[in-house]
Amino acid sequence: MMHVTGKKLSIFLFTCFLVVGCKDPELEMSPLGKKLPAPTLKGTNPFEQDFDSQNYARIQGSCDTRVSTVFISFDKNIWHQAPATPDITGTSLPSGQTNDVNCSDGTFDIYLTKNDLLHLWGINSGSDDVDAIYIKGLSAIGDTEMLSLLDMTPGNGGGNGDGGSAVATTINLEKNWPRGYAGANQCGSFFVYLSNSSGHQATHTSDITFGIKQSLSGNNGTAISAHSNWVDCHSGANTTDTFKIPAGANYAEVIYRFPSSPVDGLLSFSLVSPSALTASPVAANVILRSSEDTSLQRWLSLDQTVLQLYKNVCYPFRLRSQMYNNNPADDQFGGTLSVTATDARLKFYSNESCTTRATELTFASYDPVLKGYMKFVPSGTDTESFVTFQVTATGATGNTYSYDTQPLEFRADLSDKNIVTKLDFQGPRDVVNGECHLYQVAAMNANGTLLPVSANLTVNLDTAEDNLGQFFSDEGCGTPTSSISINKGKSSTLVYFNPAATTAGTYHFNITAAGLTPATPLVVIHSIARQFKIVPMDLTSGSCKAISVGVVDGAGILKPVSSAVSTTLQIYLTPGGSAQLYADANCSTAIAGGTAPVTIPQGGSIGTVYMNTTGLAGTAFTIYVNSSSGYYGSDFNGVFN
């Protein structure tokens, strides 16, 4: 034990993933039961700072950009968000100092001052002993894993207490998205992480490479080839059988397309050939489910459901039923689920005003989303600021369908912070040009709890950098908008974003409303070539004209090709029929047959053929570019001038 003072500290990340999740973490807002990795300390650890003389310690770190608010505890029971403005009385900190407790930009920066410790956490730095600081974040899919900062000084634990040595000893493998299950011939993810001798997450000073093998019925198994991201898995690109946890990192995600059989059989996955450390002997066991449309097996994910509830507020409780081919289970005869909570203060209801209690909820016919409501009702004698509890949803007797589920972890905010102070913007952080992506805009109190607004709230939608894409109010991304309203009595609304970044990279959203702290989370925009397209051309008749073909991403942006790509095109004139095409800019080398081959060279963006337009003024034309080499075809219409 020690007083809050300058001592050595080691970092441990406690992990216990219990996952049933969604098809892709980028595509679902609230997957079932998934926990994100713990925050990571980046600055000087607080126990190495001279708290006694300066009356504060600074904690800087990073976390997954899907995390919103960071919380701190000294006993794992009482959790508080650091105040937006620290109480700097008695410190040398300059006036105007602020705490960055929102990690949606990937970082946090918090000053723990003597006065804040006393008034918020009830810790007297002159007399109370502190031997640990615990940090975790809140996201749309619940709390993250916990970062444990422990006093490792001899006589104060010395590495033999809660966390053990900070040195990584073991590399571990777990299946997630959803945990313990996978769809046949579908992409799914493995979480591979480093741990110390006590089982807490740790890091290593050098890269760790490893392989993964798949076994069935006790055979020796074979090495799998997989991917480092979801985009590659879906396209089948960039497979490898050697994976890496970079130096200084504590985990990596491996994305794997599961085999087609044995359906309902048990597959066992284990680590092989790590370049350092010891591979855990614990295998990741996966039950392979049928992904056929005729399958009666379903899995559940949370759908637009708040995981941190404010007391006495009615919130939607929605579960989405999905097939293992990742299609929605819009069944004709919806199943019924029994819902229970480990804390009796959580009540379930069948109506939006939370007046009709329910213990069972039923999917409507042809609706994959079960719709119910919930409210946490304090007993009147509660002393906690926050409480955590689990909700279990199980298929009721007589259902046609079977549901794979896991307990859901929720949290209730019992504080007196009942005023909206900031915005949150939750949704995919990894997006692709030209695709319509769903986001949730939410109003929150200082604790990061969603609260209903007292009047219609106009929210402005933008990006910090220019020309990254457009926001839309509809799921088809057909109606552009620069703002959206959270209606009176509601805590959130939905909006859609279709990226169109000229250059792929990491950027920022900028979501604002009058009087509230804005949300500025990171977004990584990818640009993937998908289709052949005619490059804008000169439509003036009277000479030999270039007809150029390129490959474009979903936003129509030309992309260079990594290897030569070939296709064919035809041009039809009205009147006139099939047009004569040429291989050269003088229109002297005719291409026979009416179908012209076009090649885009390696590293290039376009391939070109030619057409003589003399005498074609007023003639309509249609150019057809055929699909080839994994790219979609296209057509282009016009009239020569």
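Computed from a prediction, not measured in an experiment: that's the story for all the values here.

What counts and how
In this convention, every chain numbers its residues from 1, walking through the sequence in written order. pLDDT decides what is reported in this predicted model: residues at 70 or higher carry local features, side-chain atom pairs at 80 or more are listed and counted, and totals for whole chains, interfaces and linings draw on all residues regardless. As a rule here, side-chain values cover all heavy atoms of the structure and leave hydrogens and water aside. Counting from the N terminus, the helices are the DSSP runs of H or I reaching at least four residues and the strands are the DSSP runs of E reaching at least two. Only protein chains enter the accessibility calculation, which uses a 1.4 Å probe. A residue is then buried if its area is under 20% of the maximum for its type, exposed if over 50%, and partly exposed in between. Between two residues, a contact is recorded if the distance between any of their heavy atoms is within 4.5 Å. Only the protein chains shown count as cover for residues, and the accessible areas themselves come from Shrake-Rupley with a 1.4 Å probe. For two strands to pair, DSSP has to find at least two bridges joining them. Any pair of cysteine sulfurs within 2.5 Å is marked as a disulfide. Should a side-chain nitrogen of Lys or Arg be within 4 Å of a carboxyl oxygen of Asp or Glu, the pair is scored as a salt bridge. In this analysis, rings of Phe, Tyr and Trp, with Trp reduced to its six-membered ring, are considered paired at centre separations within 6.5 Å, and the interplanar angle assigns stacked below 30 degrees, edge-to-face beyond 60, and tilted for intermediate values. Counting of polar contacts relies on pairs of N or O atoms within 3.5 Å, with two restrictions inside protein: one atom must be capable of donating a hydrogen and the other of accepting it, and residues adjacent in sequence are counted only when both atoms are side-chain atoms.

Caption draft 1: Broad picture of the overall build of the protein chain. Tallying secondary structure elements over the protein chain gives three helices and 49 strands in all. When the 641 residues of the protein chain are sorted by exposure, 52% land in the buried category. Sequence-distant contacts, at least 24 apart, represent 72% of the contacts inside the protein chain between residues at least 6 apart. Taken as a whole, the protein chain presents about 26400 Å² of accessible surface, with 48% of it coming from carbon and sulfur.

Caption draft 2: Examining the sheet that holds strand 6 (residues 107-113) more closely. Read across the open sheet, the three strands follow the order 2-3-6; overall the sheet is antiparallel. The open sheet has two free edges, formed respectively by strand 2 (40-41) and strand 6, since each of these has just one partner strand.

Caption draft 3: Main features of the environment of Val387. Of note, Val387 is situated in strand 27 (residues 386-395). Using a relative accessible area of 8% as the deciding quantity, one classes Val387 as buried. Sequence separation between Val387 and Leu309 is 78 residues; the distance between their C-alpha atoms is 9.9 Å. Leave out the neighbours within four places in its chain, and Val387 touches Asp343, Arg345, Phe376, Phe410, Arg411, Ala412 and Leu414.

Caption draft 4: Layout of the state of the cysteines. The final tally for this structure, using the stated rule, is five disulfides. Across the disulfide, Cys187 is cross-linked to Cys233 (sulfur-sulfur distance 2.1 Å). Measuring the twist about the S-S bond at about -100 degrees, one finds the Cys187-Cys233 disulfide to be left-handed. Residue Cys187 is found in strand 12 (residues 187-195), and its partner Cys233 is found in helix 3 (residues 230-235); the two are separated by 46 residues along the sequence. If one numbers only the bonded cysteines of the protein chain, in the order they occur, the disulfide pattern is 1-2, 3-4, 5-6, 7-8, 9-10.

Caption draft 5: Molecular detail of the pattern of salt bridges. If you walk through the whole model with that rule in mind, you get twelve salt bridges. Asp404 serves as the salt-bridge partner of Arg289, at 3.1 Å between the closest nitrogen and oxygen. With Arg289 in strand 19 (residues 284-289) and Asp404 in strand 28 (residues 402-404), the pair connects residues that are 115 residues apart, well separated along the chain. Arg289 sits in the buried class, given a relative accessible area of 12%. Across the pair Arg345 and Asp343 runs a salt bridge, and its minimum N-O distance is 2.8 Å. In this structure Asp343 comes out as buried when scored by relative accessible area, which is 13%. What emerges from the salt-bridge pattern is a single network uniting Asp343, Arg345, Asp382 and Glu384.

Caption draft 6: Main features of the packing of aromatic side chains. Considering all chains together, one arrives at 28 aromatic pairs under this definition. Centroid distance Phe190 to Phe269: 4.9 Å. Interplanar angle 55 degrees. Geometry classified as tilted. Of this pair, Phe190 sits in strand 12 while Phe269 sits in strand 17 (residues 266-272), placing them 79 residues apart in sequence. For the pair formed by Phe190 and Phe269, the shared burial category is buried. Look at Phe317 and Phe410: their rings are 6.4 Å apart centre to centre, the planes differ by 50 degrees, and that puts the pair in the tilted class. Residue Phe317 is found in strand 22 (residues 315-322), and its partner Phe410 is found in strand 29 (residues 408-413); the two are separated by 93 residues along the sequence.

Caption draft 7: Spotlight on the environment of Lys422. Note on placement: Lys422 falls in strand 30 (residues 422-426). As for Lys422 and Ala442, which are separated by 20 residues in sequence, their C-alpha atoms are 8.5 Å apart. When near neighbours in sequence (up to four residues on either side) are disregarded, Lys422 contacts Thr69, Gln81, Ala442, Ala443, Met444, Asn445, Ala446, Gly448, Leu516 and Thr517. In this structure the side chain of Lys422 is engaged in a polar contact, spanning 3.0 Å, whose partner is the side chain of Thr69.

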